[in-house]
Amino acid sequence: MQKVIEIDLNSKNDLLERYNNKRISKDLIEYLINETNFISKKDSIVIQINNSIKSDIDIAKYLTNGLKDEYESNIKSHLKNNIIQIILFFLGLFFLFLSTQINDNDIWKEILLIGGWVPIWEMIDLELFDDFRGNKRKRIIQKLLDSEIVIN
């Protein structure tokens, strides 16, 4: 089944970034991602742009480049999350190891034990939730990149 996402461009500000006229608006990219969020994987997408702008801007090119930039940004964010997860894991292991080295039944042993589990749980939280949302966003952007763009 074919799903149509309509975009009404009334001014240049609807299409381009406010401070950089060489980039597409982040609000427009977010609108497209939000509209595509609940479309089935089997459905094809058509982006229908109703253009009222009197300009020689290649809207399809700007839109495609903006989606590619968002895709690459999502990949970089995923890599950054992976690095943070590794750091949190080793930090947690370090504190857990230190807690085993204290022989006395001391409060420091318990503090280090709790302090070791907190970064490990934070690492698990990043893996379960942020990576899931990032992968879903990546699939949506890829679907938008593969979609047909019609300009009226």
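Criteria and cut-off values
Here the residue numbers are simple positions, counted from 1 along each chain's written sequence. Local features in this predicted model are restricted to residues of pLDDT 70 or higher, and side-chain atom pairs are both shown and tallied only at a pLDDT of 80 or more, whereas totals for entire chains, interfaces and linings draw on every residue. Here the side-chain values reflect all heavy atoms present in the structure, with hydrogen atoms and water set aside. For this analysis, a salt bridge means a side-chain nitrogen from Lys or Arg found within 4 Å of a carboxyl oxygen belonging to Asp or Glu. Runs of E in the DSSP output that reach at least two residues are strands. Runs of H or I that reach at least four are helices, and both are numbered from the N terminus. Take the residue count of a helix, subtract one, and multiply by 1.5 Å to get its expected span. A residue's bend is the angle separating two fitted axes: one through the seven residues that end there, the other through the seven that start there. We call two residues in contact when some of their heavy atoms are within 4.5 Å. For this analysis, a ring pair means two rings from Phe, Tyr or Trp (six-membered ring only for Trp) whose centres lie within 6.5 Å, classed as stacked if their planes differ by under 30 degrees, edge-to-face if by over 60, and tilted for the remaining angles. Exposed residues in this analysis have more than 50% of their type's maximum accessible area, buried residues have under 20%, and partly exposed residues fall in between, with area computed by a 1.4 Å probe over protein chains only. Here, a strand pair is defined by DSSP locating no fewer than two bridges between the strands. What counts as an axis is a line fitted to C-alpha atoms, over the stretch in contact for a helix, and the angles between N-to-C directions run from 0 to 180 degrees. Here is the rule for angles: anything less than 35 degrees is roughly parallel, anything more than 145 is roughly antiparallel, 65 through 115 is roughly perpendicular, and the remaining ranges are oblique. Classes in brief: Ala, Val, Leu, Ile, Met, Phe, Trp, Tyr, Cys and Pro nonpolar; Asp, Glu, Lys and Arg charged; the others, Gly included, polar.

Asks: How do you make sense of the pattern of salt bridges when you look at a structure like this?
Replies: Between side chains of opposite charge, pairing is possible as soon as their charged atoms come close. Counted according to the given criterion, the structure contains five salt bridges. Put simply, Arg23 and Asp69 hold a salt bridge, and the shortest N to O gap is 3.9 Å. Taken together, the residues Arg23 in the loop between helix 1 (12-15) and helix 2 (26-36) and Asp69 in helix 3 (residues 59-101) connect sequence positions 46 residues apart. In this structure, Glu70 engages Lys26 in a salt bridge whose closest nitrogen and oxygen atoms are separated by 3.4 Å. Of this pair, Glu70 sits in helix 3 while Lys26 sits in helix 2; the two residues are 44 residues apart in sequence, bridging distant segments of the chain. Residues participating in the shared-partner salt-bridge network are Lys26, Glu30, Glu70 and Arg137.

Asks: Whenever I open this one, helix 4 (residues 107-145) confuses me. Can you help?
Replies: Between its first and last C-alpha, helix 4 extends 56 Å over 39 residues, near the 57 Å set by a 1.5 Å rise per residue. Remark: the principal bend of helix 4, roughly 30°, maps to Leu126. Its buried side turned inward, helix 4 meets strand 1 (2-9), helix 2, strand 2 (44-51) and helix 3.

Asks: It is not clear to me how the packing of aromatic side chains should be interpreted in this structure. Could you clarify?
Replies: Centre-to-centre distance and the angle between the planes together describe a pair of aromatic rings. Taken as a whole and assessed by the stated rule, the structure comprises two aromatic pairs. Look at Phe89 and Phe90: their rings are 5.6 Å apart centre to centre, the planes differ by 65°, and that puts the pair in the edge-to-face class. Overall, the relative accessible area of 32% leaves Phe89 in the partly exposed class. Residues Phe94 and Phe95 carry aromatic rings whose centres are separated by 5.9 Å and whose planes lie at 55° to one another, so their mutual orientation is tilted.

Asks: Would you mind showing me how to read the sheet that holds strand 1 here?
Replies: The strand order across the open sheet built from three strands is 1-2-3, with neighbouring strands paired in parallel fashion. One side of each edge strand has no neighbouring strand; the edge strands of this open sheet are strand 1 and strand 3 (148-151). Across the sheet, the axes of successive neighbouring strands diverge by a mean angle of 20°, strand direction being ignored. With eight bridges connecting them, strand 1 and strand 2 associate as parallel partners. Bridged to Glu6 within strand 2 is Gln48.

Asks: Before we go on, may I ask you to explain the packing of helix 2 against helix 3 in this structure?
Replies: Packed helices, taken two at a time, are described by their axes: the angle between them and the distance between them. Remark: helix 2 packs on helix 3, axes separated minimally by 10 Å, with the N-to-C direction vectors making an angle of 80°. Judged on the interaxial angle alone, helix 3 and helix 2 are roughly perpendicular. When helix 2 is examined against helix 3, the residues Lys26, Leu28, Ile29, Glu30, Leu32 and Ile33 are found in contact with a partner set consisting of Leu63, Gly66, Leu67 and Glu70. Grouping the amino acids of the contact of helix 2 with helix 3 by side-chain chemistry returns six nonpolar, one polar and three charged.

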